[in-house]
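One-letter residues, chain by chain:
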Amino acid sequence: MRSPPSLRSLAIVTSLVAVTACRTASVVPPDIDAVAIVEGDSAAGAPSDTVDGEFTVRLDRARWTARTRAEPVRDFWDHIAVLDPAAAERAATSLDERTFVVALRTLMAGDPEAATVAFTSLYARATDPSVHTRARVGLTMALAWRSDWQALASLARDLDSTGLDLDDRVAQAGVERWARAFAAVPTPRVFVPDAPETLPMRRSVFGTPMISVRINGRPYQFWLDTGASMTLLSSTVAAEAGVMLAAPDTLALAVVAGHIPARAVVMDSLSIGRMVARGLTAAVVSPGALRLSRTRSTGIVEAVQIDGVIGTDLLRQLDLVLDASAGTITIRRPRRDVRRPRNLFWVGYPVVKLVSRDGRPVLFGLDTGAEGTFVTPSLLRKIPRIPIAARRMTLGGLGTETVRTKWVVRELALSDGDYALTLSNAPIADDSRWTFVTFDGVIGSDIALASRMHLDFVNGVFDVRPTAGRSAAAPTSLTGRVSALRAARLRGLSVPGRGIS
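Numbering of residues begins from 1 in every chain and follows the order in which that chain's sequence is written. Whole-chain, interface and lining totals are the exception, using all residues; otherwise, since this is a predicted model, local features are given only for residues with pLDDT of at least 70 and side-chain atom pairs are given and counted only at 80 or more. Neither water nor hydrogens contribute to the side-chain values; these are computed over all heavy atoms in the structure.

Take the packing of helix 4 (residues 95-108) against helix 6 (residues 129-145) next. One can describe the packing of helix 4 onto helix 6 by two numbers: an axis separation of 11 Å at closest approach and a directional angle of 15 degrees. Considering the angle they form, helix 4 stands roughly parallel to helix 6. Handedness of the helix 4/helix 6 crossing: left-handed. Note on element contacts: helix 6 touches helix 4 through Val-131, Arg-134, Ala-135, Met-141, Ala-142 and Trp-145, opposite Asp-96, Glu-97, Phe-100 and Leu-107. Fitted lines through C-alpha atoms give the axes, limited to the stretch in contact for helices. The angle between two N-to-C directions lies from 0 to 180 degrees. Put simply, DSSP marks the helices as runs of H or I at least four residues long and the strands as runs of E at least two long, and each gets a number from the N terminus on. Oblique is the label for any angle not under 35 degrees, not over 145, and not in the 65 to 115 range, which are roughly parallel, roughly antiparallel and roughly perpendicular in turn. Crossing handedness: left-handed means the near helix sits turned counterclockwise from the far one by under a right angle, and right-handed means the same turn made clockwise. Residue contacts follow a heavy-atom distance rule, with two residues in contact if any of their heavy atoms lie within 4.5 Å.

Below is the structure:
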């Protein structure tokens with residue numbers, strides 16, 4: 001989906017995907033340029049065959065590595081957009097650009113403190129306007145990683161949206177408003193026991209991972225959502241648990257079709273098993289904003305209430321293993337290991353770097369709050385002859401806005417280093433961009449449900465393995481439980497410069 005025009009927003013997005021399958025036929029031949037067809041630029045008479053096969057995931061052993069290849073000439077920012085610091089460094093034409101590479105590489109290495117120093121220095125002295133703007137974005141990413149609200153509030157005053165002619169709700173959703181609301185809140189303290197702890201995990205009716213949490217001692221059921229950069233809870237839960245307001249003002253969160261009111265709060269304690277977070281900040285919204293609908297097999301529409309969402313503000317401080325087949329989540333204290341190769345990066349949003357069969361690196365956003373995995377035309381540009389087929393889908397959300405898609409990739413295999421995920425009939429959505437990073441797709445919770453998924457943001461580890469009781473090559477159909485590719489994505493804090501080009 002295309003990024004909204006606002007460059008400074010806190011976003012909470014809830015998308016529901018309904019699929020209508022077309023007639024079954026042969027697929028588009030691989031000698032046809034897939035991206036040209038999807039974007040409507042192919043020659044007249046190009047095949048437009050359809051398919052009604054379900055989206056499936058298969059795991060196979062595969063150790064593929066990225067390979068250097070002759071690519072079209074790219075400029076500095078094109079290499080930054082695909083998170084390739086080495087190539088960006090070769091393409092840099094100024095000291096500002098070379099310094100930006102150093103700062104970004106430090107952030108990608110999981111060192112937000114050092115990245116803060118590097119981006120602060122660059123933001124203060126950069127003479128190149130493009131570098132100056134992106135340095136501020138990088139600095140905001142590093143500060144958000146550390147939950148350094150006071151520094152964020154001070155930084156945001158330089159580009160305060162209140163000085164612009166914006167709608168009040170847009171201004172209230174700006175990151176500077178949220179940073180000021182949390183400016184007096186100390187950095188949260190997270191205690192993770194030395195010994196690993198395995199806890200029950202279940203699937204929500206939308207397929208997303210759910211766990212039991214205790215807020216100020218009271219029990220609730222929350223989603224695990226790597227696509228949400230801050231923790232979120234309903235006002236009913238906030239009142240019952242006695243959370244404290246961080247500021248008196250009513251702020252806003254951006255949604256697919258507008259904005260909804262929200263309040264900034266701080267929780268004395270949030271615990272998951274023996275893991276305890278104290279002083280964790282969160283956004284509170286009305287119960288209606290967290291009430292989603294699903295259609296049962298009988299056709300009856302049922303409302304489902306969500307207590308809240310655990311976002312990456314907490315998840316990136318943990319080492320997690322999600323095993324859907326076993327119905328468990330294992331929480332461990334992250335222990336830094338500089339020898340491990342990194343393929344998971346937090347650049348204001350979790351990004352996974354995978355490798356195609358022919359050695360092409362691709363970037364996928366990681367969103368365990370979305371059931372539906374999808375790819376974008378960006379991936380088709382990298383693999384232009386990939387077989388595709390037509391299948392009509394409608395993506396809706398809060399409000400009335402909808403996005404229509406009509407193509408799927410018939411088969412795509414991507415490796416995390418030891419195993420390959422083979423996706424069949426993966427839907428193709430619009431290009432997706434977060435700040436200066438371009439996504440080739442998004443990994444949803446359907447991948448987590450088909451695998452044993454390991455996430456460690458401290459060491460940059462994303463890997464998937466066969467889940468207990470399922471062979472590595474056994475395909476898993478992920479449609480038909482609620483409705484095919486139903487997604488419910490909730491967003492938290494968005495850094496400035498979303499969609500920057």
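Within a regular beta strand, the side chains point alternately toward one face of the sheet and then the other, so they alternate between its two faces. Strands are treated as partners if at least two bridges between them are detected by DSSP. Bridging between strand 3 (residues 189-191) and strand 13 (residues 275-278) involves 3 bridges; their strand directions are antiparallel. Across the sheet, Val-190 pairs through a bridge with Ala-277, a residue of strand 13. Pairing of strand 12 (residues 270-272) with strand 13 involves 3 bridges; the strand directions are antiparallel. In the strand pairing of strand 13, Leu-270 is matched with Ala-277. From the end of strand 12 to the start of strand 13, which pair antiparallel, there are 2 residues, and Gly-273 there has a positive phi angle of about 65 degrees.

Known as pLDDT, the predictor's confidence for each residue is given on a scale from 0 to 100. Confidence in the prediction of the chain, expressed as mean pLDDT, is 80, and 74% of residues score 70 or more. Within the chain, strand 12 carries the highest mean pLDDT (98), whereas strand 1 (residues 15-19) carries the lowest (34). Across residues 1-26 the pLDDT falls below 50, and counting only partners more than four positions away or on other chains, this stretch makes 111 contacts in the model. Counted against residues more than four places away or in other chains, residues 159-165, with its pLDDT under 50, gives 11 contacts.

Moving on, we get to the environment of Ser-269. With respect to the secondary-structure elements, Ser-269 resides in the loop between strand 11 (258-267) and strand 12. Note on exposure labels: buried denotes an accessible area under 20% of the residue type's maximum, exposed denotes more than 50%, and partly exposed covers the range between, all computed with a 1.4 Å probe on protein chains only. Residue classification places Ser-269 among the buried residues on the basis of a relative accessible area of 12%. Considered as a pair, Ser-269 and Ala-241 are 28 residues apart in the sequence and their alpha carbons are 9.9 Å apart. Leaving out residues up to four positions away in the same chain, Ser-269 has contacts with Arg-214, Ile-215, Asn-216, Gly-217, Val-276, Ala-277 and Arg-278.

This brings us to the sheet that holds strand 19 (residues 328-332). With antiparallel pairing, the 5 strands of this open sheet are ordered in space as 4-19-18-30-31. Every interior strand has two partners, whereas the edge strands, strand 4 (197-200) and strand 31 (461-465), have only one. For this sheet, the mean inter-axis angle between neighbouring strands, taken without regard to orientation, is 15 degrees. Note that strand 18 (residues 319-323) and strand 30 (residues 452-456) share 5 bridges and pair antiparallel. Its bridge partner lying in strand 30, Leu-320 is registered against Leu-455.

A word on the pattern of salt bridges. Where charged atoms of side chains with opposite charge meet at close range, the side chains can pair. In the sections that follow, a salt bridge refers to a side-chain nitrogen of Lys or Arg positioned within 4 Å of a carboxyl oxygen of Asp or Glu. In this structure the tally under the stated criterion is 15 salt bridges. The residue Asp-96 makes a salt bridge to Arg-125 at a minimum N-O spacing of 3.4 Å. You can see Asp-96 sitting in helix 4 and its partner Arg-125 sitting in helix 5 (residues 112-125), a full 29 residues away along the chain. Between Arg-381 and Asp-431 there is a salt bridge, with its nearest N and O atoms 3.0 Å apart. Placement of the pair is Arg-381 in helix 12 (residues 377-382) and Asp-431 in the loop between strand 26 (419-427) and strand 27 (432-434), with a sequence separation of 50 residues. Connected via shared salt-bridge partners are Arg-63, Asp-416, Asp-418 and Arg-465.

Time to look at helix 6. Multiplying 1.5 Å by the helix residue count minus one yields the expected span of that helix. Helix length check: helix 6, at 17 residues, gives a terminal C-alpha distance of 25 Å against a target of 24 Å (1.5 Å per residue), a fit within 8%. Of all 17 residues in helix 6, 13 are buried, a share of seventy percent or more. Ser-147 lies just past helix 6 and shows a positive phi near 55 degrees.

What follows deals with the packing of aromatic side chains. Stacked, tilted and edge-to-face are the three classes assigned to paired rings of Phe, Tyr and Trp, where Trp is represented by its six-membered ring and a pair needs centres within 6.5 Å; plane angles under 30 degrees give stacked, over 60 edge-to-face, the rest tilted. In the structure shown here, the tally under the stated rule is 10 aromatic pairs. Each ring, one from Trp-77 and one from Phe-100, has its centre 5.2 Å from the other, and the planes form 70 degrees; the classification is edge-to-face. Taken together, the residues span a long stretch of sequence, with Trp-77 in helix 2 (residues 76-81) and Phe-100 in helix 4 at a distance of 23 residues. A relative accessible area of 16% means that Trp-77 is categorised as buried. On the accessibility criterion, Phe-100 (0% relative accessible area) is buried. Ring centres of Tyr-349 and Phe-439 lie 5.5 Å apart, and the angle between their planes is 45 degrees; this geometry places the pair in the tilted category. Of this pair, Tyr-349 sits in the loop between strand 20 (344-346) and strand 21 (350-356) while Phe-439 sits in strand 28 (residues 437-439), and the two are 90 residues apart along the sequence. By relative accessible area, Tyr-349 is classed as buried at 4%. Looking at Phe-439, the relative accessible area reads 3%, which means it is buried. Members of the aromatic cluster, connected to one another through ring pairs, are Phe-76, Trp-77, Phe-100, Phe-119 and Phe-436. In this analysis the charged atom, NZ for Lys or CZ for Arg, is taken to sit over a ring once it is within 6 Å of the ring centre and within 35 degrees of the ring normal. When the ring centre of Trp-346 is taken as reference, the NZ or CZ atom of Arg-316 above it lies at 4.2 Å.

This part takes up the side chain of Asn-459. The residue Asn-459 is located in the loop between strand 30 and strand 31 in this model. Polar contacts here mean pairs of N or O atoms no more than 3.5 Å apart (in protein, one a potential hydrogen donor and the other a potential acceptor; neighbouring residues in sequence count only if both atoms are side-chain atoms). Here the side chain of Asn-459 touches Arg-335 through a polar contact of 2.9 Å, landing on its backbone oxygen. At 2.8 Å, the side chain of Asn-459 forms a polar contact with the side chain of Asp-456. Look past the residues within four positions of Asn-459 in its chain and what remains in contact with it is Arg-335, Arg-336, Asp-337 and Arg-342.

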